[in-house]
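Chain residues, written in single-letter form:
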Amino acid sequence: MTELSVDVRVQVARLRNLLVDAARCGALASPLASLPHPRWEPLELQALWWLRAECLLPVGVLAHRLGGLAMPRLSRLVDRLEEGGLVRRERSVRHDRRRVRVRLTDAGRAVAEETDSLVQERMARLLTPLQGETRSALMDILELWVEAFGVQARAAEEEEEDTATPTLVPDEVLTASAA
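Below, the structure is looked at part by part. (Residues numbered from 1 in each chain as written. Predicted model: local features only at pLDDT ≥ 70, side-chain atom pairs only at ≥ 80, totals over all residues. Heavy atoms only, no water.)

1. Thoughts on the side chain of T115
Here comes step 1: With respect to the secondary-structure elements, T115 resides in helix α5 (residues 106-127).
Here comes step 2: Accessibility expressed as a relative area gives 6% for T115, which makes it buried.
Here comes step 3: Residue contacts for T115: discarding those within four places in its chain leaves L35, L45 and W49. (Helix = DSSP H or I, 4+ residues; strand = E, 2+ residues; numbered from the N terminus. Buried < 20%, exposed > 50% of the residue type's maximum accessible area, 1.4 Å probe, protein only. Contact = heavy atoms within 4.5 Å.)

2. Quick word on helix α2 (residues 42-54)
An α-helical turn contains 3.6 residues, so any two residues separated by three or four positions project in the same direction.
Here comes step 1: Taking 1.5 Å of rise per residue, the 13 residues of α2 would be expected to cover 18 Å, and the 18 Å separating its terminal C-alpha atoms lies within 8% of that figure.
Here comes step 2: What α2 keeps buried is the set L43, E44, L45, Q46, A47, L48, W49 and L51.
Here comes step 3: Looking at the buried side of α2, the elements it contacts are β1 (56-58), α3 (59-65), α4 (71-83), β2 (87-91), β3 (100-104) and α5.
Here comes step 4: Of the residues one or two after α2, C55 is the one with positive phi, at around 75 degrees. (Expected span 1.5 Å × (residues − 1).)

The values are spatial; any link to function lies outside them.
And the structure:
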């Protein structure tokens, strides 16, 4: 483990133990896992659920949302959903035509709504052991946690942009240094 304070190490141990105990109780099962449908596979339903949540996703992001699915497998999954009339691929005309994004059709949105109802029922079962104020406190803490992840992600993106973007030198500086 990296250089962590004693306090953080204690919290990590507590979190690990809590996750193990939660898994033993069945509370860590993903509400997206094993979604039943007469026609569509659970992973296809998960893809629809993510597209409903985020509207339009680049294929790479969708692959990441589905647990790091390999691109050939994702392409086949999107092919099946497209053939079923649930999604459509869109190419970015403005930026890079190689960039493909996926969007729900109206039929796909209807299936995603059905899926979301089941996911919400599963989430409700996860929350029902807690009473009102405790449940609200958990939601407040989770919102803070997600917000902190967002701050970290934005900082990492900015750092990546700073290192990837070459510094532009004004023409006057180039002309003066050449003289």
